[in-house]
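For reference, the chains in residue letters:
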Amino acid sequence: MTTQQATEYTHTTVLLNEAVDALGISGDRANGVYVDGTFGRGGHSRLILQQLGPQGRLIAFDKDVQAIACAAQINDPRFHIVHDSFAAMTTALEQLGVSKVDGILMDLGISSPQVDDASRGFSFRSDGPLDMRMDTSRGMSAAEWLAIAEEEKIREVIKNYGEERFAFQIAKAIVARRQTDSITGTRQLAELVANAVKTREKGKDPATRTFQAIRIFVNKELEDLEIGLDAAYVALAPFGRMSVISFHSLEDRIVKQFFASKVKVEQPDRRLPIRQVDLPQAKMRLLDRIKPSEAEVAVNPRARSAILRVAERLPEVLK
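What you see is a predicted model; the values in this text were computed from it and never measured. (Residues numbered from 1 in each chain as written. Predicted model: local features only at pLDDT ≥ 70, side-chain atom pairs only at ≥ 80, totals over all residues. Heavy atoms only, no water.)

1. Quick word on the side chain of Ser123
Inference 1: Topologically, Ser123 is positioned in the loop between α6 (112-116) and α7 (142-148).
Inference 2: A distance of 3.0 Å separates the side chain of Ser123 from the backbone nitrogen of Arg125, its partner in a polar contact.
Inference 3: Contact partners of Ser123, with chain neighbours within four places excluded, come to Val115, Thr186 and Phe211. (Helix = DSSP H or I, 4+ residues; strand = E, 2+ residues; numbered from the N terminus. Polar contact = N/O pair within 3.5 Å; in protein donor to acceptor, adjacent residues only side chain to side chain. Contact = heavy atoms within 4.5 Å.)

Here it is, written out as structure tokens:
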């Protein structure tokens, strides 16, 4: 992968300042350790590095080999890139000798270069190989999975990950087509879905939900998110902050429920003789929920569905 190939597609980082500002990198915290869970094209990472002190440290993760090539251009001793999902955070931090971090940023969206490069297979707008893998160096492509998956599994994936009400018809059409013709191209799949969908949502391509569902499944995005959130919480130092940007309802629901589970702690019956100090304590507190401004959406329409949620880990109460 050449530098030119890694950078020829532009990417506008969503909620750039808001997500980094939420980490509170200032004062003594500027010399802390931070994690960028999804390097992408480095927008958040570069801004974090600008705010870090000389003793600060930034560890970034990404599954995409093109993102790794882009990260290799950063010549800063405070920066380290890991070619893996943020789901591998626990092991990676241990190997790097890091026990606790002061802030973790997770941008869950796919980058514009991934969508715009037809050879990656993420988009139905231009024809290309039906790949969809974030990490093209490992795993099964979308085309390979569709060639062998059972109809019921395809239906389940499209329904659950795409929230597509015509999942049954689409899965049936995919299985019928592959009996006579391999499904290897993005345009081929998009046309097949368009023919199977009975009605169309205004302003949305009928293949949108199916492509989202298959991409999420192939990359294990929701499984990685659940593992990554748990790992991030464990890695956070007291008063460490998590800044998470989601782009669709499935992942935002997971983030919202995760934070709620740390903030809302079920209390025992008030009539029981339990000291205040022994009552279950909240593990985190919510700091903010931010959506892109109208100005940002006007410049970058792909930001319109983004939601930034910020929470802070609370210290344990000494008993």
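2. So, the sheet that holds strand β5 (residues 236-246)
Inference 1: Taken in spatial order, the seven strands make up an open sheet running β3-β2-β1-β4-β5-β7-β6, and their pairing is mixed. The two strands at the open ends of the sheet, each matched to only one other strand, are β3 (79-83) and β6 (284-290). On average, each strand axis in the sheet is inclined to that of its neighbour by 15 degrees, with strand direction left out of account.
Inference 2: The pairing of strand β1 (residues 33-36) with strand β4 (residues 101-107) spans three bridges and is parallel. From the neighbouring strand, Asp36 faces β4, where its bridge partner is Leu105.
Inference 3: Lying on the sheet, helix α3 (residues 43-51) is in contact with β1, β2 (57-62), β3, β4 and β5; it crosses β2 at an angle near 175 degrees.
Inference 4: Relative to the sheet, helix α12 (residues 221-235) contacts β4, β5, β6 and β7 (307-313), its axis offset from that of β5 by approximately 155 degrees. (Pairing = 2+ DSSP bridges. Axes fitted to C-alpha atoms, helices over the stretch in contact; angles between N-to-C directions.)

3. A look at unusual backbone geometry
Inference 1: Phi is positive for Met132, close to 75 degrees, though the residue is something other than glycine.
Inference 2: Position of Met132 among the secondary structure elements: in the loop between α6 and α7.

4. As for the packing of aromatic side chains
Inference 1: Under the counting rule described, the total for this entry stands at four aromatic pairs.
Inference 2: Pairing Phe39 with Phe79 gives two aromatic rings, centres 5.8 Å apart and planes at 45 degrees, and the pair type is tilted. Residue Phe39 is located in the loop between β1 and α3, and its partner Phe79 is located in strand β3; the two are separated by 40 residues in the primary sequence. Accessibility classification places Phe39 together with Phe79 in one group, the buried group.
Inference 3: The interplanar angle of 55 degrees and the centroid separation of 5.9 Å between the aromatic rings of Phe258 and Phe259 together place this pair among those described as tilted.
Inference 4: On the accessibility criterion, Phe258 (9% relative accessible area) is buried.
Inference 5: Looking at Phe259, the relative accessible area reads 2%, which means it is buried.
Inference 6: Cation over ring: Lys262 sits above Tyr233, and NZ or CZ is 4.2 Å from the ring centre.
Inference 7: The residue whose ring lies beneath Arg313 is Tyr233, and the NZ or CZ to ring-centre distance is 4.2 Å. (Phe/Tyr/Trp six-rings, centres within 6.5 Å; stacked < 30°, edge-to-face > 60°. Buried < 20%, exposed > 50% of the residue type's maximum accessible area, 1.4 Å probe, protein only. Lys NZ or Arg CZ within 6 Å of the ring centre and 35° of its normal.)

5. A look at the nonpolar core
Inference 1: With 64 residues, the main nonpolar core has Met106 and Met242 as its most contacted residues.
Inference 2: By residue number, the principal contributor to this core is α12, which donates seven residues.
Inference 3: Residues within four places of Met106 in sequence aside, it is in contact with Thr38, Phe86, Leu225, Gly228, Leu229, Ala232, Met242, Ser243, Val244 and Ile245. (Core = buried A, V, L, I, M, F, W, Y, C linked by side-chain atoms within 4.5 Å.)

6. Quick notes on the packing of helix α8 (residues 151-162) against helix α11 (residues 208-218)
Inference 1: Closest axis-to-axis distance for the α8/α11 pair is 8 Å, and the angle between their directions is 105 degrees. Taken together, α8 and α11 sit at an angle that is classed as roughly perpendicular. Between α8 and α11, the contacting residues are Lys153, Val157, Ile158, Tyr161 and Gly162 on the first element and Arg209, Thr210, Gln212, Ala213, Ile214, Ile216 and Phe217 on the second. (Parallel < 35°, antiparallel > 145°, perpendicular 65-115°, else oblique.)

7. With respect to the confidence of the model for the protein
Inference 1: In the predicted model, the protein carries a mean pLDDT of 90, and the fraction of residues at 70 or more is 91%.
Inference 2: Below a pLDDT of 50 lies the segment residues 1-7, which in the model reaches ten contacts outside its immediate sequence neighbourhood of four places, other chains included. (pLDDT = per-residue confidence, 0-100.)

8. Some thoughts on the pattern of salt bridges
Inference 1: Scanning the entire structure with this criterion turns up twelve salt bridges.
Inference 2: Among the salt bridges present, the one from Arg138 reaches Asp135, with a minimum N-O distance of 2.6 Å.
Inference 3: Judged by its relative accessible area of 41%, Arg138 is partly exposed.
Inference 4: We note a salt bridge from Glu312 to Arg241, for which the minimum N-O separation is 3.5 Å. You can see Glu312 sitting in strand β7 and its partner Arg241 sitting in strand β5, a full 71 residues away along the chain.
Inference 5: For Arg241, a relative accessible area of 21% puts it in the partly exposed group. (Salt bridge = Lys/Arg side-chain N within 4 Å of Asp/Glu carboxyl O.)

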